[in-house]
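Residue-level structure breakdown
One-letter residues, chain by chain:
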Amino acid sequence: MTTRCRRLRTAALAVLTAVAMSSAILGCEEEDRWGAFRQDCVDKINSYRATLGLAPYQRWASAESCADSEAASDGATGTAHGAFPSCGENAQNECPGWPSAQACIEGCLDMMWAEGPGEPFSEHGHFINMSSTGYTQVACGFAAVGGTVWAVQDFR
């Protein structure tokens, strides 16, 4: 490597380091790769709730990274609800091993809503969580695991 190339590389690394450090100092966060899907998830759940005249859940944004961790942990262990309730949620629905985040929203949430209404909880629990009047917030978490997507919906 020539001296000129070494200088350019050193200068480029210094600029990149400065940008990374200034982002950290300014509190800038990395772009959320799941952001649009999170909002679609909340919107989809709220569209179901509206069919029953129920108030919408608020997006529980402060718990989303934790919900991502739950989805990743469950995907790694292959155990749905394995990390529940590590984010302080009161209830959780989960879409394990779907082909994409969009499939989780369009397919999995549809299947869960189709469980209700009814009792017992063991047969209708996903619908019950989505239609509850006892919760006011939902955090949608996602993780890519082995070519699939695991998604959790945490309710509180």
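Here is a short report on the structure shown in this document. (Residues numbered from 1 in each chain as written. Predicted model: local features only at pLDDT ≥ 70, side-chain atom pairs only at ≥ 80, totals over all residues. Heavy atoms only, no water.)

Let's talk about the pairing of strand β4 (residues 148-155)
- With seven of eight residues buried, β4 is to be regarded as a mostly interior element.
- Pairing of strand β2 (residues 91-98) with β4 involves six bridges; the strand directions are antiparallel. Note that in β4 the partner of Cys95 across the bridge is Ala151. (Buried < 20%, exposed > 50% of the residue type's maximum accessible area, 1.4 Å probe, protein only. Helix = DSSP H or I, 4+ residues; strand = E, 2+ residues; numbered from the N terminus. Pairing = 2+ DSSP bridges.)

Examining helix α5 (residues 121-131)
- His124, Gly125, Phe127, Asn129, Met130 and Ser131 are the residues of α5 that are buried.
- Next to the buried residues of α5 lie α2 (35-51), β2, α4 (101-113) and β4. (Contact = heavy atoms within 4.5 Å.)

Some points on the packing of α4 against α5
- Packing of α4 against α5 leaves a shortest axis separation of 7 Å and a crossing angle of 95°. One element, α4, and the other, α5, form an angle in the roughly perpendicular class. In contact with Leu109, Met112 and Trp113 of α4, α5 contributes His126, Phe127, Met130 and Ser131.
- Here the residues of the contact of α4 with α5 sort into five nonpolar, two polar and no charged. (Axes fitted to C-alpha atoms, helices over the stretch in contact; angles between N-to-C directions. Parallel < 35°, antiparallel > 145°, perpendicular 65-115°, else oblique. Nonpolar A, V, L, I, M, F, W, Y, C, P; charged D, E, K, R; others polar.)

A word on the packing of α2 against α4
- Between α2 and α4, the shortest axis-to-axis distance is 10 Å and the interhelical angle comes to 25°. In terms of orientation, α2 and α4 fall into the roughly parallel class. In the crossing of α2 with α4, the sense of the turn from one axis to the other is right-handed. Across from Phe37, Asp40, Cys41, Lys44, Ile45, Tyr48, Arg49 and Thr51 in α2, the residues of α4 making contact are Ala101, Gln102, Ile105, Glu106, Leu109, Asp110 and Trp113.
- Split by residue class, the contact of α2 with α4 holds eight nonpolar, two polar and five charged. (Left-handed = near helix turned anticlockwise from the far one by under 90°.)

Some points on α4
- With 13 residues, α4 should cover 18 Å at 1.5 Å per step; its first-to-last C-alpha distance of 17 Å lies within 8% of that length.
- Residues of α4 that are buried include every one of Ala101, Cys104, Ile105, Cys108, Leu109, Met112 and Trp113, and no others.
- Close packing links the buried residues of α4 with α2, β2, α5, β3 (137-145) and β4. (Expected span 1.5 Å × (residues − 1).)

Thoughts on the side chain of Ser131
- Turning to its location among the elements, Ser131 is positioned in helix α5.
- Each residue touching Ser131, except ones within four places of it in the same chain, is listed here: Arg49, Leu52, Leu54, Tyr57 and Trp113.

Focus: unusual backbone geometry
- Here Phe84 and Pro85 are connected by a cis peptide whose omega angle stands at 0°.
- For Pro85, the location among the structural elements is in the loop between α3 (64-77) and β2.
- Following Gly116, the chain continues to Pro117 via a peptide bond in cis, the omega torsion being -5°.
- Here Pro117 is to be found in the loop between α4 and α5.
- With a phi angle near 70°, His81 is a residue other than glycine that sits in the positive phi range.
- As for its placement among the helices and strands, His81 is situated in the loop between α3 and β2.
- Classification of His81 by relative accessible area gives partly exposed; the value is 32%.

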